[in-house]
Amino acid sequence: MQTLVERVTDSVRDGILHGQLRPGERLEEIPLAKRLGVSRTPVRAALAMLVNDGLIDHQPKRGYVVRAFDIEVIGAAYEVRSVLEGLACRRAAQRGLDQSQTDSLVKCLAEGDRILAHGLLRPQDHEPYQRVNVEIHDTLLEAAGNPWVSRFAIQAHNIPFASDRIILWDQHAVILHSHTDHHRIIDAVMSRDSARAEQLMREHVYYAGLILKANYENLLSAADSVPSVFAPLGFADEAPGP
């Protein structure tokens, strides 16, 4: 079970990755604590963690500020992701999957198929497909058996619009293309075809980066229309305050 600090950190991180917290925006402990419905203590710890992640900066006299990333930096993160996650798939194919990893990936493919069978991506499908996408990528990183690959890949995910923790598109065709990639990647890993598994994953992430670049301005406009607010985290024993 996640700790309160982890939940606060994830909530603020998601706000940044989704563009709800804008580059240059100040993050102050007391307002954030009130918005999240927690005390200042976990907010203070969360902000320190996000500085370490490189998502926010601590500036003299300004305090914590959301870091700005331009499209070239975001594109570079996709390049790094493609290499690292491709390597993860190569190693996963070479090592082979254990039963729990196999079961997880098969379940994710089936769930993605079920969601996409509607012929459109409905609003209520975003979160379930997001979970499927994250579990597939995380399972393949874990299956690589190399903690450095996972560590550096996670850092590349901590860039707004470059993370597989968010689903940026409503277009069914784009998501279907991505999920078809998942089928081919996992088939190559399970078949122990390491070279093909690596190449397929590299192309999969690279394609996502191309789609992002083509739609970046629209994404920024959409993010600007989303209120920069958070739902309370629901901890009755954590009243806002020091």
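See the structure above.
Residues numbered from 1 in each chain as written. Predicted model: local features only at pLDDT ≥ 70, side-chain atom pairs only at ≥ 80, totals over all residues. Heavy atoms only, no water.

Colleague: Explain the overall build of the protein chain to me, please; I cannot follow it from the model alone.
Modeller: When you go through the protein chain residue by residue, the secondary structure sums to nine helices and three strands. Each helix (α) and strand (β) of the protein chain, taken in turn from the N terminus, gives the series α-β-α-α-β-β-α-α-α-α-α-α. When the 242 residues of the protein chain are sorted by exposure, 47% land in the buried category. Sequence-distant contacts in the protein chain: of pairs separated by 6 or more residues, those separated by 24 or more amount to 79%. If you sum the accessible surface of the protein chain, you get close to 12,200 Å²; carbon and sulfur atoms cover 54% of it. (Helix = DSSP H or I, 4+ residues; strand = E, 2+ residues; numbered from the N terminus. Buried < 20%, exposed > 50% of the residue type's maximum accessible area, 1.4 Å probe, protein only. Contact = heavy atoms within 4.5 Å. Areas by Shrake-Rupley, 256 points an atom, 1.4 Å probe, with all protein chains shown as cover.)

Colleague: Whenever I open this one, the packing of helix α2 (residues 29-36) against helix α3 (residues 40-53) confuses me. Can you help?
Modeller: A packed helix pair is summarised by two numbers, namely the angle formed by the two axes and the spacing between the axes. Packing of α2 against α3 leaves a shortest axis separation of 9 Å and a crossing angle of 115 degrees. One element, α2, and the other, α3, form an angle in the roughly perpendicular class. With respect to the hand of their crossing, α2 and α3 are arranged in right-handed fashion. Taken together, the residues of α3 that come into contact with α2 (itself represented by Glu29, Ile30, Leu32 and Ala33) are Arg40, Val43, Arg44 and Leu47. When its residues are assigned to classes, the contact of α2 with α3 shows five nonpolar, no polar and three charged. (Axes fitted to C-alpha atoms, helices over the stretch in contact; angles between N-to-C directions. Parallel < 35°, antiparallel > 145°, perpendicular 65-115°, else oblique. Left-handed = near helix turned anticlockwise from the far one by under 90°. Nonpolar A, V, L, I, M, F, W, Y, C, P; charged D, E, K, R; others polar.)

Colleague: Please explain the sheet that holds strand β2 (residues 56-59) as it appears in this structure.
Modeller: Strands in a sheet are paired, the pairing made by backbone hydrogen bonds, and the direction either parallel or antiparallel. Pairing in this open sheet of three strands is antiparallel, and the strands run β1-β3-β2 from one edge to the other. Edge strands, defined here as strands with exactly one partner in the open sheet, are β1 (26-27) and β2. Bridge count between β2 and strand β3 (residues 63-66): four bridges; the pairing is antiparallel. Looking at the pairing, isoleucine 56 lines up with valine 66 of β3. Taken strand by strand, α3 contacts β1, β2 and β3, and its axis lies near 105 degrees from that of β2. (Pairing = 2+ DSSP bridges.)

Colleague: Would you take a moment to explain the pattern of salt bridges for this structure?
Modeller: When the charged atoms of two side chains lie near each other, side chains of opposite charge can form a pair. Tallying each qualifying case throughout the model produces ten salt bridges. One salt bridge connects arginine 131 with glutamate 127, and the closest N-O pair in it is separated by 3.3 Å. In this pair, arginine 131 and glutamate 127 both sit in helix α6 (residues 126-143), four residues apart, roughly one turn of the helix. According to the relative accessible area criterion, arginine 131 is partly exposed, its value standing at 49%. Taking the relative accessible area as the measure of exposure, glutamate 127 reaches 53% and is therefore exposed. Residues joined in a network through salt bridges with shared partners are Asp10, Arg13 and Asp53. (Salt bridge = Lys/Arg side-chain N within 4 Å of Asp/Glu carboxyl O.)

Colleague: Just checking my understanding: could you explain the side chain of glutamine 101 for this structure?
Modeller: Its place among the elements puts glutamine 101 in helix α5 (residues 99-116). Classification of glutamine 101 as buried rests on a relative accessible area of 7%. Those residues within four positions of glutamine 101 in sequence are excluded, and the remaining contacts are Gly96, Thr139, Glu142 and Ala143.

Colleague: What is the right way to read the environment of serine 104 from this model?
Modeller: Here serine 104 lies in helix α5. Separated by 31 residues in sequence, serine 104 and glutamate 135 place their C-alpha atoms 7.8 Å apart. Ignoring sequence-local partners within four residues, the contact set of serine 104 consists of Glu135 and Thr139.

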